[in-house]
Amino acid sequence: MTITLSGKSNVHAVVSVAGDKSISHRAIMLGAIADGVTEIDGFLPSQDCLSTISCFQKLGVTIERAGDRVRVFGNGLRGLQKPAGFLDVGNSGTTMRLMTGILAGQNFDCAITGDASIQKRPMERVFAPLRQMGARFSNNSTAPFTIYGSTLRGIEYTLPVASAQVKSAILLAGLYAEGVTTVVESVATRNHTELMLNMFGGKICKREQYSTCAPVSKLIAQKVSIPSDISSAAFFIVAGLLIPDSEITIERVGVNHTRTGILDSLAQMGADISINNRCQIGGEPVADITARASRLRGISLGPDIIPRMIDEAPVFAVAAVAAQGQTIITGAQELKYKESNRIGAMAAGLAKMGANIVETDDGMIINGGAPLRGATVMSHNDHRVAMSIAVAASIASGRTRINDADCVDISFPGFFELWRKL
Ligand code: S3P
């Protein structure tokens, strides 16, 4: 589907976005290996999270869903069953990586596959530490691959790349290992696995950059309420800042510190953002976020903050294009290994719209302030690229066409309907 968008002005709105994708995946996975019935509300019914549900159904878990409410009838830590045929993760890297951690220590073999994009995404970063734990895999470093169920032992592993998916895969494998498993990270990544595992009765101890998982005999089903996804809210936050005379509030957004790098970076650019009504939902901090039209100035961003805003980097690039002065992003090479090469995709798309933007090996150099004009831009079948270009379209003259725009369903079904309502 190709979508055509034009500029906006004077948007005053209060919006809600759907549940957090990372937390939705984890709620299904932990519910599946817990004892009892896990009841989830605020679940994100996007393609990626539905892939997680269908994989765990194939592993013998009963899962019922009505809209954003899900019931997972847990099979217990040792109760997953050998699936018939491949587990298909679709486009979802989180499903593939985290599930590999869970499956490495089972007493059966199984094979994982996914779509064309998933078949290019690196798995060696997960296989290497899991092999040290005793796991065995077929010889390919991308999907499709086979996991041969093995007996695992705990290790201490220092992450060579900042990745919550790799950290989580190791900690989840640690549930099945003999002895304790420790992951050391030099830059903090999202900690939803650690928080939720402890909620389910797991024993995760966090000390400075060390996260240690001790084995437990069982996990216990929980009621999980999922806050709105800050990665989805980010499109409306940046829109509120860039569209003249606007004010947009996004309600009940997850503001876990490991996810709020985008708010810190935009504040550093001079953004008028306020955070109100702070509370806790499902063990996670939540707040309403209001973004008002602002004059932004360019800044430099480095590897210390990128992991806290890895999924928001594409829409951050749009903010930088609209800012006065130069923005330099470094230490963001991981963006090349996402659903698309997000450095290349965003640099090409925004340049086509008139931005002065140069792709570098590990980021971008953006000379902000060049007026944007509508163009035909490829989404590269990447949901976050498509939605970031929609934000750019809102401040461009003329019409912008986004190809393969239906990929937004990966994380944000209904995005364009909500966008049009604004
Ligand atoms: C995710 C972690 C991030 C992020 C992805 C979801 C997760 O990846 O990009 O969309 O749920 O753990 P890495 O931290 O592995 O780069």
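Residues numbered from 1 in each chain as written. Predicted model: local features only at pLDDT ≥ 70, side-chain atom pairs only at ≥ 80, totals over all residues. Heavy atoms only, no water.

Asks: Can you walk me through helix 1 (residues 21-32) in this structure?
Replies: Along an α-helix, a turn takes 3.6 residues, which lines up residues three or four apart on a common side. Given a rise of 1.5 Å per residue, 12 residues ought to cover 16 Å, and the 17 Å separating the end C-alpha atoms of helix 1 matches this to within 8%. Within helix 1, 12 of the 12 residues are buried, which leaves the element mostly enclosed by the surrounding structure. Residues of helix 1 that are buried include every one of Lys21, Ser22, Ile23, Ser24, His25, Arg26, Ala27, Ile28, Met29, Leu30, Gly31 and Ala32, and no others. Two or three places before serine 22, at the start of helix 1, stands the capping residue aspartate 20, its side-chain oxygen 3.0 Å from that residue's backbone nitrogen. (Helix = DSSP H or I, 4+ residues; strand = E, 2+ residues; numbered from the N terminus. Expected span 1.5 Å × (residues − 1). Buried < 20%, exposed > 50% of the residue type's maximum accessible area, 1.4 Å probe, protein only. Polar contact = N/O pair within 3.5 Å; in protein donor to acceptor, adjacent residues only side chain to side chain.)

Asks: Explain the side chain of arginine 121 to me, please; I cannot follow it from the model alone.
Replies: As for its placement among the helices and strands, arginine 121 is situated in the loop between strand 7 (110-113) and helix 4 (124-132). At 3.2 Å, the side chain of arginine 121 forms a polar contact with the backbone oxygen of tyrosine 337. The contact partners of arginine 121, leaving out residues within four places of it in the chain, are Asn91, Gly93, Met96, Arg97, Ser141, Thr142, Tyr337, Lys338 and Glu339. (Contact = heavy atoms within 4.5 Å.)

Asks: What is the right way to read the pairing of strand 4 (residues 62-66) from this model?
Replies: Each regular strand shows side chains that alternate between the opposite faces of the sheet. As paired strands, strand 4 and strand 5 (residues 69-75) are joined by 5 bridges and run antiparallel to one another. Bridge pairing links threonine 62 to phenylalanine 73 in strand 5. Linkage of strand 4 to strand 5, two consecutive antiparallel strands, is achieved through a turn of 2 residues, within which glycine 67 is found at a positive phi near 65°. (Pairing = 2+ DSSP bridges.)

Asks: Whenever I open this one, the environment of glutamine 165 confuses me. Can you help?
Replies: In this structure, glutamine 165 sits in helix 5 (residues 164-174). Once residues lying within four places of it in the same chain are set aside, the contact partners of glutamine 165 are Gly93, Thr94, Arg97 and Leu98.

Asks: Is there a simple way to think about the domain arrangement of the protein chain in this case?
Replies: A common way to express how large an interface is: the accessible area buried when the components associate. Its domain assignment divides the protein chain into domain 1 (3-19 + 227-421) and domain 2 (21-225). Of note, the centres of domain 1 and domain 2, computed from C-alpha atoms alone, are 28 Å apart. Contacts between the two partners involve 28 residues from domain 1 and, on the opposite side, 26 residues from domain 2. Contact between domain 1 and domain 2 buries roughly 2200 Å² in total, counting both sides, with carbon and sulfur atoms accounting for 51%. Sorting the residues of domain 1 by area buried against domain 2 places Arg259, Glu339 and Ile410 first, and these three jointly supply 24% of that buried surface. Between arginine 121 and glutamate 339 there is a salt bridge, and its shortest N-O distance comes to 3.8 Å. For the interface between domain 1 and domain 2, the tally reads 13 residue pairs in polar contact (both at pLDDT 80 or more). (Domains from an automatic or database assignment. Buried area = accessible area lost by both parts, 1.4 Å probe. Salt bridge = Lys/Arg side-chain N within 4 Å of Asp/Glu carboxyl O.)

Asks: Mind showing me how you'd approach the sheet that holds strand 24 (residues 376-378) here?
Replies: Sheets are built from strands paired through backbone hydrogen bonds, the pairs being either parallel or antiparallel. Judged by pairing direction, the sheet is mixed, and its 3 strands sit side by side in the order 1-25-24 without closing on themselves. Every interior strand has two partners, whereas the edge strands, strand 1 (3-5) and strand 24, have only one. The sheet shows a mean angle of 25° between the axes of neighbouring strands, taken without regard to direction. In the packing of helix 11 (residues 383-393) onto the sheet, the strands contacted are strand 1, strand 24 and strand 25 (400-403), and the crossing angle to strand 25 comes to about 175°. (Axes fitted to C-alpha atoms, helices over the stretch in contact; angles between N-to-C directions.)

Asks: Before we go on, may I ask you to explain the nonpolar core in this structure?
Replies: Taken as a class, soluble globular proteins show a tendency for nonpolar side chains to be buried jointly. Grouped together as the largest cluster of nonpolar side chains are 80 residues, with contacts concentrated most on Phe236, Ile237, Leu266, Leu350 and Phe415. Here this core takes 10 residues from helix 7 (residues 230-242), the largest share from any one element. Setting aside anything within four residues of it in sequence, one finds leucine 350 in contact with Ala317, Val318, Val321, Ala355, Ile357, Leu372, Ile389 and Ala392. Counting 67 residues, the second-largest nonpolar core is a separate cluster that includes Ile63, Val70, Ile118 and Tyr157. (Core = buried A, V, L, I, M, F, W, Y, C linked by side-chain atoms within 4.5 Å.)

Asks: For this particular structure, what's the right way to read the site of the ligand?
Replies: The immediate surroundings of the ligand are formed by Ser22, Arg26, Thr94, Ser163, Ala164, Gln165, Arg190, Ile310, Asp311 and Lys338. Here the ligand loses 94% of its free accessible area of 380 Å² to cover by the protein chains. Of all the elements in the fold, those that place two or more residues in the shell around the ligand are helix 1 and helix 5. The residue makeup of the shell around the ligand, split by class, is 2 nonpolar, 4 polar and 4 charged. (Near = heavy atom within 4 Å. Areas by Shrake-Rupley, 256 points an atom, 1.4 Å probe, with all protein chains shown as cover. Nonpolar A, V, L, I, M, F, W, Y, C, P; charged D, E, K, R; others polar.)

Asks: What is the right way to look at the sheet that holds strand 9 (residues 145-148) in this model?
Replies: Pairing is mixed in the open sheet, where 4 strands are placed in the order 6-7-9-8. Because the sheet does not close on itself, it has two edges, and the strands there are strand 6 (87-88) and strand 8 (136-137). Of the strand pairs in this sheet, strand 8 and strand 9 are connected by 2 bridges, and their pairing is antiparallel. Residue pairing in the sheet places phenylalanine 137 in a bridge with isoleucine 147 of strand 9. Helix-sheet contacts for helix 3 (residues 93-103) involve strand 6, strand 7, strand 8 and strand 9, and the interaxial angle to strand 7 is about 175°.

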